[in-house]
Amino acid sequence: MQWDIVIGLEIHVQLATKTKIFSGSSTAFGAEPNTQASAVDLAMPGTLPVPNEQAFRYAVMFGLAVNAEIGRRSVFDRKNYFYPDLPKGYQTTQLDHPIVGPGFVDIDLDDGSSKRVRIHHAHLEEDAGKSLHEDFDGMTGIDLNRAGTPLIEIVTEPDMTSAEEAVAFAKKLHSLVSSIGICDGDMSQGSLRFDVNISLKPKGSDELGTRTETKNLNSFRFMEQAIAHEVERQMDILEDGGRIIQETRLYNGDRDESRSMRSKEEANDYRYFPCPDLLPVVIDDAFIESARDLLPELPDERKARFKEQYGLNDYDARLLSDDARIAAFFEEAVGQGKDAKLAANWVLGEFSARLNAEDKTVLEAPITGSQLGQLVARIADNTVSSSGAKKVFEALWNGDADNADAIIEAQGLKQVSDTGALEQMVDEVLAGMPDQVAQYQEEADPKKQKKMLGGFMGPLMKASKGQGNPKLFNEILVRKLGG
Amino acid sequence: MTISREDIEKVAVLARIRLDEEQIPALENDLGNILSLVDQLSAADTDNVEPLAHPLDAVQRLRADKVTETNQREAFQAIAPATESGLYLVPRVIE
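For clarity, every value in this text was computed on a predicted model and none was experimentally measured.

Rules used throughout
- Residues numbered from 1 in each chain as written.
- Chains lettered and ligands numbered in written order.
- Predicted model: local features only at pLDDT ≥ 70, side-chain atom pairs only at ≥ 80, totals over all residues.
- Helix = DSSP H or I, 4+ residues; strand = E, 2+ residues; numbered from the N terminus.
- Rg over C-alpha atoms; globule rule 2.2 N^0.38 Å.
- Buried ≥ 20, exposed ≤ 12 C-beta atoms within 10 Å, placed from the backbone.
- Contact = placed C-beta atoms within 7 Å.
- pLDDT = per-residue confidence, 0-100.
- Nonpolar A, V, L, I, M, F, W, Y, C, P; charged D, E, K, R; others polar.
- Pairing = 2+ DSSP bridges.
- Core = buried A, V, L, I, M, F, W, Y, C linked by C-beta atoms within 7 Å.
- Domains from an automatic or database assignment.

Our focus in this paragraph is the overall build of chain B. Looking only at helices and strands, chain B has three helices and two strands in total. The secondary structure elements of chain B, listed N-terminal to C-terminal, are α-α-α-β-β. In terms of overall size, chain B is more extended than a compact globule, its C-alpha atoms giving a radius of gyration of 22 Å where 95 residues would be expected to give roughly 12 Å. In terms of overall dimensions, chain B has a C-alpha envelope of 55 × 45 × 25 Å along the principal axes. Of all 95 residues assigned to chain B, the portion counted as buried reaches 5%.

See below:
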């Protein structure tokens, strides 16, 4: 049987505020356990929450960036459940009157098409603390530093139909919240966490199947694997005539397996009610406009500008514009030379490969955009060959010198582009290889001739000590051999 | 409106309240009375009344994003039953 896959996402985004959503405790990462947990965060009797204005500003910025309606009057509710990392016994969240209403995000797919994913809403809420289950003689350790960290939970419509689309959306959202500066985007520290709702329905059917929720995926790769895993699991059950139970599942990426976390029946009875400790928050036009003024260029706008300003194709423009830091690096590199396409190739090629290999971010790279830009300029003006350029890149990366010109000079990588000198070398090399010259000239197939040119290149590069401009050598060879 | 024994037992579980068997009939009666009162309220015509999120007719004030709290861990943990390495210890939680 053929199945349609239906995917919706819930994304928790930690907001990059200095303090918590309801208290003046620091949210800085990495502090000693419980040193950033105040009386409010610990739910001491008699404390009252006071909301953080910046959390609202960030949420509104997000709403504007996804073309959403802003909730002019947002209300906090209590979601009741017991867990030791939630000292109050309830999470303060927003149920019926969220800060961000319906909006949308357009995603680009690998086949070049684009797709609109609708945002159902996004609401403000508080994060819980952390439970540590190891090493405490059968006890669980609780660190409440994270308790009360502001989150927005973004809920999409079930608009995605494959793991590819879900991951494309997740990456786009990551790019968006990092670009506008409301989240540090550090997924390894849990700054973005994805819950994936998945159901299957017979191909073409209008009726949605029962869904499961796979929680707390914190990497794009795990997300892709978890979706593939869950789709297969559901398909097996349905094709054996079974039925899907609505439940929350946990995915273990290291083992590629999942297990049921809890049946929704009991756990889902959260008994929401409006929080009596908090009054409705009213957002006026002035607040919205001041948030709009803080929005930097959005990735979509940047992509359009890169295509227009630098003549990049859609694919390169997208890769360079998604991450604001990569985009800034690229623009710095382009500033040094005129060849934007070449700069794009180097940023997306050699430079990105090196970052990946060393697991570094752009900010941690040992070279700057303008250093790479200078190298690109030397490739563009034929000072250095592309193989020589790789040596220069290597030396820049290792910090042997701080600019490309110095390295080209020191390592003798300057290309000989003096046609007179190159012609003389070609004449000498050809004179020493009469048989190959004759073979070439007797060959009727131009494709084979082209291949045979390679046989002359080796000796030529040797004769020029690797410094001859290969492109010019090629031109001269073809001319001389043809004549 | 009445409330069943099962409802009471379920709410007790959700609220982590231990009930003795003999308490349940009295609770059935008390909670039933409260629900009757709610029924009475529900009968009022509210077609032209805006839903109320809070009994005070006021708007929430917001706070500037400045750190105002200092580390008081020692004071807080002085009243905790068990701590270790700065963590609060609780009976093991297994999901």
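Let's shift gears to the overall build of chain A. The secondary structure content of chain A amounts to 16 helices and 15 strands. Relative to the compact-globule value of 23 Å for 483 residues, chain A shows a C-alpha radius of gyration of 30 Å, a clear excess of over 25%. In terms of principal-axis extent, the alpha carbons of chain A reach across some 95 × 55 × 55 Å. With 483 residues in all, chain A has 38% of them scored as buried. Put simply, 69% of the contacts in chain A that link residues at least 6 apart link residues at least 24 apart.

Residues and elements named next belong to chain B. In the predicted model, chain B carries a mean pLDDT of 91, and the fraction of residues at 70 or more is 97%. Across chain B, the element-wise mean pLDDT spans from 90 in helix H1 (residues 5-14) up to 97 in helix H3 (residues 73-77). The ipTM for the predicted assembly is 0.89, set against a pTM of 0.80.

This part is about the interface of chain B and chain A. Taken together, the contact between chain B and chain A spans 32 residues of the former and 41 residues of the latter. For the side of chain B that touches chain A, the secondary structure elements donating two or more residues are H3 and strand E2 (87-91) of chain B. Per-element accounting of the side of chain B that touches chain A gives the leading share, five residues, to E2 of chain B. Here the residues of the side of chain B that touches chain A are counted per class, giving 16 nonpolar, seven polar and nine charged. Judged from the four bridges that link them, strand E8 (residues 139-143) of chain A and E2 of chain B form a sheet pairing that is antiparallel. When the bridges of E2 of chain B are listed, Met139 of chain A appears paired with Pro91 of chain B.

Looking now at the sheet that holds strand E7 (residues 130-132) of chain A. Pairing within the open sheet is antiparallel, and its four strands lie in the order E7(A)-E8(A)-E2(B)-E1(B). Sheet topology places E7 of chain A together with strand E1 (83-84) of chain B at the edges, where each strand pairs with a single neighbour.

Residues and elements named next belong to chain A. Tracing the sequence through the fold places Glu165 in helix H2 (residues 163-179). Judged by local crowding, Glu165 falls into the partly exposed class, with 18 C-beta atoms found within 10 Å. The spacing of Glu165 and Met139 is 26 residues in sequence and 42 Å in space, taken between C-alpha atoms. Leaving out residues up to four positions away in the same chain, Glu165 has contacts with Ile107, Leu109, Lys115 and Met160.

Our next topic: the nonpolar core. Residues and elements named next belong to chain A. Core analysis: the largest hydrophobic core is formed by 57 residues, its most contacted members being Ala59, Phe62, Ala166, Phe169 and Val196. The set of elements that each furnish at least two residues to this core consists of strand E1 (3-14), helix H1 (53-65), strand E5 (103-108), strand E6 (114-126), strand E9 (150-156), H2, strand E10 (192-202) and helix H3 (220-239). In terms of residue count, the dominant contributor to this core is H1 (nine residues). Formed by 31 residues, the second largest nonpolar core is a distinct cluster that contains Ala324, Ala327, Leu396 and Ile408.

The strands making up a sheet associate through backbone hydrogen bonding, with each pair oriented either parallel or antiparallel. All names here are of chain A. Reading across from one edge, E4-E3-E14 is the order of the three strands in this open sheet, with antiparallel pairing throughout. Strands at the two margins of the open sheet, each flanked by one partner only, are strand E4 (90-93) and strand E14 (273-274). Where strand E3 (residues 77-80) meets E14, two bridges bridge the pair, whose relative direction is antiparallel. Bridge pairing in E14 places Asp77 opposite Pro274.

A word on the domain arrangement of chain A. Residue and element names in this part refer to chain A. Each domain of chain A was delimited in the assignment, giving domain 1 (3-291), domain 2 (297-410) and domain 3 (419-482). Facing six residues of domain 1, the contacting portion of domain 2 comprises six residues. Per-element tally for the side of domain 1 that touches domain 2: the top contributor is H2, with four residues. In the side of domain 1 that touches domain 2, the residues fall into two nonpolar, three polar and one charged.

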